[in-house]
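# Close look at the chain arrangement
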Amino acid sequence: MMSMRCVVFGATGYIGGRLVPELIQAGHQVRVVARTPEKLAEVPWRDQVEIVRGDVTDADGVRAAVAGQEVVYYLVHSLARDDFSDIDRDAAQLVADASNSAGVSRIVYLGGIIPEHATLSRHLASRAEVGEILRASGVPTVELRAAVIIGSGSASFEMLRYLSERLPAMITPRWVHNRIQPIAVRDVLYYLVHAAELPADVNRAFDIGGPDVMTYLTMMREYAVVAGLTRRVVLPVPVLTPWLSAQWVNLVTPVPRALAVPLIESLVHEVVCGEHDIASYIPDPAEGLTHYARAVELALTRIRHADVPTRWSDASTFGAPSDPLPTDPAWSGGSLYEDLREQHTDADPETVWAVIEAIGGENGWYSFPLAWSLRGWIDRVSGGVGLRRGRKNPRRLHSGEALDWWRVEYIDRPHLLRLRAEMQLPGLAWLELGVEPDPDGGSRYRQRAIFQPRGLAGHLYWKAITPFHNAVFGGMVRNITGTAEHAPADGTVSSG
């Protein structure tokens, strides 16, 4: 693939944030346009691109952004505002005119599948209008039209995920029986990257979709299977309008109503590819297009593996196109609750580590012994391991060994201990204890409790125990650092 100069509008968005590293990997020179460049402060590719401040509604800024570029990627939508249609129309015209004046050779736009013979929702109508404006710009334009995109952080996928996770039984509108052709985000990115090199005479829209056509109901049920949830009971009723459905989505998921309304309005239609002409120009990926179940599995990588950094300084997992990014909204990337605490101590890191590694067994858990004993008894009565396993060595742990109701999942001596819970829980839980030297002297102790809920019971469980976190986890922080500060010179520790 030849190197090209590409400018990306919408680099802080869901698709844009994943497209940029793919373009870099393909060898292109990339300029990104961001209204708030500070949002890109944590992305791993920041130093590999040119970042310019700009807004698609500012004509001077748009002209400056496209100057000297060969390919314009337009990935901007304004769903969060009621007047999004007007904003998107004006912005698309600005980009179209500026691209033509600058001699850009190709525009690539990601839109939505347009159902035939249907009165379009405002969302789909706006996307179709933007595509028409760009194709009429005089610059060869490829409009890729997709339905539901499956990937961690996609608003459509996150809505599907939260509904499936949190509602073991639900009353739904008739549109859950409409057919949809979802596509994995990795396949969307594959088409976007290769669209830059299409022949100059290609100026049209292409439908893109995965290999599976299914109803929204089937998508929810297959999600539950992949996520390890019980079968979802769904009762469709005819009285739930798209507006009422959006209010329900807003109530039970963190997806904002401003996003939920246009997304649900689009689901009223069947969104299935009418053609696969793109294959004449861009062959399917070597491994084939991604099936829905596999796409869901990839999107759930973060919560299935808890996305627990091996070091405290690590950023979010980066690599797979479906992984959450720093620019994603806080409600994306999987339900992963955490209780994070840290505290400075005058004790040196080696002493703090000795306390950390000696935790559990006869040394106890440095916090609220009655609560730990009660929880252990409840776990044992319900068929779990309880606190009866103790530990093999009072001072040293090894990866894979049992520690009371935990399992030592990872140990990076003398920095980080990660424990995985083996008690009876409606989800998965981890506890991380870590220490690093403090630049001002002494140490900084960090503690992180992580919980991945399973279904509605998991969410209710975390909310029920949250009021006790300060006593349990806060007490651990205070007592572990206090024990380290008063440890005898021979390095022996006790729970105190």
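Provided above is the structure to which this section pertains.
Below is a summary of the structure that appears in this document. All of these numbers come straight from a predicted model, not from anything done at the bench.

### Here we look at the packing of helix α12 (residues 349-357) against helix α15 (residues 469-485)
A pair of packed helices is characterised by two quantities: the angle between their axes and the separation of those axes. One way to put it is that α12 packs onto α15 with a least axis distance of 9 Å and a crossing angle of 125 degrees. By the angle class used here, α12 and α15 are oblique. Seen along the crossing, α12 lies across α15 with a hand that is right-handed. Where α12 approaches α15, its residues T351, V352 and V355 are matched on the opposing element by I480, T483 and A484. Per-class residue counts for the contact of α12 with α15 are four nonpolar, two polar and no charged.

### Focus on the pattern of salt bridges
Scanning the entire structure with this criterion turns up 26 salt bridges. Its salt-bridge partner being E70, residue R5 comes within 3.5 Å of it at the nearest N-O pair. You can see R5 sitting in strand β1 (residues 5-9) and its partner E70 sitting in the loop between α2 (59-66) and β4 (71-74), a full 65 residues away along the chain. A relative accessible area of 35% means that R5 is categorised as partly exposed. By relative accessible area, which is 21% here, E70 ends up partly exposed. Taken together, the shared-partner salt bridges connect E338, R407, E409, R418, R420, E422, E432 and R448 into one network.

### Focus on the sheet that holds strand β17 (residues 416-421)
Pairing is antiparallel in the open sheet, where six strands are placed in the order β14-β19-β18-β17-β16-β15. Each edge of the open sheet is held by one strand with a lone partner, namely β14 (337-345) and β15 (402-403). Here nine bridges tie β14 to strand β19 (residues 443-453), and the two strands are oriented antiparallel to one another. By the bridge assignment for β19, E338 is matched with I450. With respect to the sheet, α12 is in contact with β14, β16 (406-412), β17, β18 (427-437) and β19, its orientation differing from that of β18 by roughly 155 degrees.

### Let's talk about the nonpolar core
The tendency in soluble globular proteins is for nonpolar side chains to be buried side by side. Ranked by internal contacts, the top residues of the largest apolar core, which has 42 residues, are I15, Y73, L110 and L192. If you list the elements that add at least two residues to this core, you get β1, α1 (14-25), β2 (29-34), β4, β5 (106-112), β6 (141-146) and α6 (185-195). At seven residues, α6 tops the list of elements feeding residues into this core. Those residues in contact with I15, other than ones at most four positions away along the chain, are L75, L110, I149, V185, V188, L189 and L192. If you look at the next biggest cluster of nonpolar residues, it comprises 34 residues, including W353, I356, L431 and F473.

What counts, and where the lines are drawn
Residues numbered from 1 in each chain as written. Predicted model: local features only at pLDDT ≥ 70, side-chain atom pairs only at ≥ 80, totals over all residues. Heavy atoms only, no water. Axes fitted to C-alpha atoms, helices over the stretch in contact; angles between N-to-C directions. Helix = DSSP H or I, 4+ residues; strand = E, 2+ residues; numbered from the N terminus. Parallel < 35°, antiparallel > 145°, perpendicular 65-115°, else oblique. Left-handed = near helix turned anticlockwise from the far one by under 90°. Contact = heavy atoms within 4.5 Å. Nonpolar A, V, L, I, M, F, W, Y, C, P; charged D, E, K, R; others polar. Salt bridge = Lys/Arg side-chain N within 4 Å of Asp/Glu carboxyl O. Buried < 20%, exposed > 50% of the residue type's maximum accessible area, 1.4 Å probe, protein only. Pairing = 2+ DSSP bridges. Core = buried A, V, L, I, M, F, W, Y, C linked by side-chain atoms within 4.5 Å.

Scope: geometric values only; no functional claims are made or implied.
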